[in-house]
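Notes for the structure review
Listed here are the chains, written in short residue letters.
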Amino acid sequence: MSSESSAEVIGRASAVALWGLSGKIVSIEAGVSAGLPGIDIVGLPDTSVSESRKRLRAALAYLGAPVATQHLTINLTPGTVPKIGTGFDLGIAVAVLKALGLIANDDTGDIIHCGEIGLDGRIRPVTGVLPALHTGMQSGFDRFVVPIGNASEASLLGRARVHAVASLAELVNSYGGSLAVPPLPAVLDMDRPVPLSPELHDLAEVQGQAEGRFGLEVAAAGGHNLLMRGSPGAGKTLLAQCLPGILPPLNDDEAVEVATVRSLRGELDGSEGLDHRPPFEAPHHRSTASALLGGRRPGTVGILSRAHRGVLFMDEAPEFSRDVLEALRQPMEARRVHIHRAWGSMVLPASFQLVMAANPCPCGVGMAGAGTDCRCTPLDKRRYRNRLSGPLLDRVDLQLELLPVSPADLRLGGDQETSECVAARVREARSRQSERFADCRWRLNAEAPGAWLRDHFALTPAALADLDRALDTGRITMRGYDRVLRVATTLADLAGKCGPDPDTMRTALALRTQES
């Protein structure tokens, strides 16, 4: 057979195989050959991809283009990459129809296709459209075909040329074919998980707790992790729920990252454009390490990734299992989650700001200056506090002890600063960090290496004397040394100073080491 005639029976299309938020371009080839009627799919398809042949056969019969007498072989390359999900249906259909001569266009291999086909030929929305488009654009593709139910989501990447289709017949006709479009309503909705709306508050609602409010402002300004210990009712949860209100809105790139995670989970609607609000995740203390990290199946997103570019709040932190707490350590440093399972491995983003709240003891009332009714023994208290391990606490920049609210605090009434006032100071501090780190790969003080800060500010031994003493006496580790320096830099940014001085160093050290 000549190469010209061979080209007539080979149809091509392109798709994306997602593996977490990253993906690889998949070339789909379809060929018609002699043999028993049937459809074979090769190239490491999972069950949902293999089942696409049944959906395709039924859809084509419904549209008047049956393939019952044909033997079709569909190859998904590269063959070493697993293909998962129903999103390959549309690309497979285009390649098959091209091989059958029902599509005239010769450039279908240069277009990324993503969508699930119903038995009546309608194109159903799928999850992961946004990361698929992002992968395609990074690989040099600029044309995409998506289900009309994903059109709003796809529009969030304004640079892409997106064709949203409601039915397979409509797409075939746009490629030069001729199929009757059935008079059926487009499938616009999919079974999306309903995201829980976090309960957020304004700082004006917080009674007293001047130190807690100050610590929250410092945490927001520099992106620092925060631990608050205090008796029940002291306002720990309320303060944590105020943090998103004083954080700056996400920039466009960050908002796209958050939208990409939500797209993979199937939560993204996209009809209201990009959401620039930082995420806020508050898992229950019975959550498992698997729920936290994700990856029970390829493409499963965990709580840490859902909190990407936002806040992860762990209320009653000592009540979480040891496995869950220790699973936080590596993502807090790397700002991503590395998942290794029997099915393979993948990396998910997890750049979050951790806020933990804890009681002083199991009964909740044992605390300096209060807690006269505490029933816990010293051993009970020690065991309870040790549930938060030293290596985990070493990664928490700010560690506050909140005293119970007093009657005097209640009489302050509406004299407390609002979140809007605090947010303005946080924005100013963040702008100073943006200028300072303009040429760096990090963007916040909490991410900056200690060595870089020491060199940049040319800190003298006198300025570092308190930190050196704390390191020599074992009050802090070398990791803690750098973290205190980062907090001191944030304090200087909030105060409008050029850099950390001995006073800010002492304040930063006190904000980290005051727990007993």
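Topic: the pattern of salt bridges
Pairs may arise between side chains of opposite charge once their charged atoms sit close together. Counting across every chain of the model gives 31 salt bridges. With its nearest N and O atoms 3.5 Å apart, the salt bridge here joins Asp 142 to Arg 161. Here Arg 161 lies in strand β9 (residues 161-165) and Asp 142 lies in the loop between α5 (129-138) and β8 (143-147), a separation of 19 residues in the sequence. With a shortest N-O distance of 2.4 Å, Arg 329 and Glu 326 are connected by a salt bridge.

Digging into the packing of aromatic side chains
All told, the structure shown has four aromatic pairs when counted by the stated rule. For the pair Phe 437 and Trp 442, a centre-to-centre distance of 6.3 Å together with 70° between the ring planes defines the contact as edge-to-face. In textbook terms, an aromatic cluster arises when at least three aromatic residues are bridged by ring pairs, as seen for Phe 437, Trp 442 and Trp 452. For Arg 436, the ring lying beneath its charged end belongs to Phe 437, and the centroid distance is 5.4 Å.

Focus: the nonpolar core
Burial of nonpolar side chains together is a common tendency in soluble globular proteins. Leu 203, Leu 216, Leu 226, Leu 243, Ile 246 and Val 355 are the most contacted members of the largest nonpolar core, which totals 46 residues. With six residues, the single largest contributor to this core is helix α21 (residues 478-495). Apart from residues lying up to four places away in sequence, Leu 243 is in contact with Leu 216, Ala 220, Val 311, Gln 353 and Val 355. Core analysis: the next-biggest nonpolar cluster, separate from the first, contains 40 residues, Val 26, Val 94, Ile 123 and Val 165 among them.

Structural notes on the environment of Asp 315
Residue placement: Asp 315 occurs in the loop between β12 (311-314) and α13 (322-327). By relative accessible area, Asp 315 is classed as partly exposed at 26%. Sequence-wise, Asp 315 and Glu 199 are 116 residues apart; in three dimensions their C-alpha atoms are separated by 13 Å. Those residues in contact with Asp 315 that sit more than four places away from it in its chain are Thr 237, Phe 320 and Ala 357. A polar contact is formed between the side chain of Asp 315 and the side chain of Thr 237, at a distance of 2.9 Å.

As for the sheet that holds β12
Reading across the sheet, the five strands line up as β11-β12-β15-β10-β16 and stay open at both edges, with parallel pairing between neighbours. With partners counted over all chains shown, the strands left at the sheet margins are β11 (280-281) and β16 (398-402), one partner each. Both β12 and strand β15 (residues 353-358) contribute to a ladder of four bridges, which runs parallel. Residue pairing for β15: Val 311 is matched across the bridge by Gln 353.

What about the side chain of Asn 445?
Structurally, Asn 445 can be placed in the loop between α18 (419-436) and α19 (450-457). The contact partners of Asn 445, leaving out residues within four places of it in the chain, are Gly 222, His 224, Gln 433, Arg 436, Phe 437, Arg 486, Thr 489, Thr 490 and Asp 493.

Overview of the packing of α5 against helix α10 (residues 252-265)
Following both chains from N to C, one finds α5 and α10 inclined at 125°, their axes separated by 7 Å at the closest point. As far as their axial angle goes, α10 and α5 are oblique. In this structure, α5 contributes Val 129, Leu 130 and Pro 131 to the contact, and α10 contributes Val 256, Ala 259, Thr 260 and Ser 263. Class assignment of the residues belonging to the contact of α5 with α10 gives a composition of five nonpolar, two polar and no charged.

Quick look at unusual backbone geometry
Generally, phi is negative for residues other than glycine and the peptide bonds are trans, each holding for most cases. The amide bond that connects Thr 77 to the next residue, Pro 78, takes the cis arrangement and shows omega of 5°. Looking at the element boundaries, Pro 78 is found in the loop between β4 (71-77) and α4 (89-99). In the Ramachandran plot, Gln 209 falls in the positive-phi region, its phi being about 55° despite a non-glycine side chain. Position of Gln 209 among the secondary structure elements: in the loop between α7 (168-174) and α8 (210-222). For Gln 209, a relative accessible area of 9% corresponds to the buried category. Of note, the phi angle at Arg 335 is positive, near 60°, even though the residue is not glycine.

Rules of the game
- One numbering rule holds for all chains: residues counted from 1, following each sequence as written.
- Per-residue local features are limited, in this predicted model, to residues with pLDDT of at least 70; the limit for side-chain atom pairs, both in listing and counting, is 80 or more; totals at the level of whole chains, interfaces and linings are taken over all residues.
- By convention in this description, side-chain values take in all heavy atoms of the structure and omit both hydrogens and water.
- For salt bridges, the criterion is a side-chain nitrogen of Lys or Arg within 4 Å of an Asp or Glu carboxyl oxygen.
- Helix and strand definitions follow DSSP, with helices as H or I runs of at least four residues and strands as E runs of at least two, each counted in order from the N terminus.
- Centre distance within 6.5 Å is the pairing criterion for rings of Phe, Tyr and Trp, where only the six-membered ring of Trp is used; planes under 30 degrees apart are then read as stacked, over 60 as edge-to-face, and the remainder as tilted.
- Sitting over a ring, as applied to charges here, requires NZ of Lys or CZ of Arg to be within 6 Å of the ring centre and within 35 degrees of the ring normal.
- To qualify as a nonpolar core, a set must consist of buried Ala, Val, Leu, Ile, Met, Phe, Trp, Tyr and Cys residues joined through side-chain atoms within 4.5 Å.
- For every residue, the accessible area obtained with a 1.4 Å probe (protein chains only) is divided by the maximum for its type, and the residue is called buried under 20%, exposed over 50%, and partly exposed between those limits.
- Contacts are assigned to residue pairs that have any heavy atoms within 4.5 Å of one another.
- A 3.5 Å cut-off defines polar contacts: any pair of N or O atoms within that distance qualifies, except that in protein one atom must be a possible hydrogen donor and the other a possible acceptor, and neighbouring residues in sequence count only when both atoms are side-chain atoms.
- A pair of strands is labelled paired if DSSP reports no fewer than 2 bridges between them.
- A fitted line through C-alpha atoms serves as each axis, taken over the contacting stretch for helices, and the angle formed by two N-to-C directions is quoted from 0 to 180°.
- Roughly parallel here means an angle under 35 degrees, roughly antiparallel means over 145, roughly perpendicular means 65 to 115, and every remaining angle is called oblique.
- Basically, the charged four are Asp, Glu, Lys and Arg, the nonpolar ten are Ala, Val, Leu, Ile, Met, Phe, Trp, Tyr, Cys and Pro, and anything else, Gly included, counts as polar.

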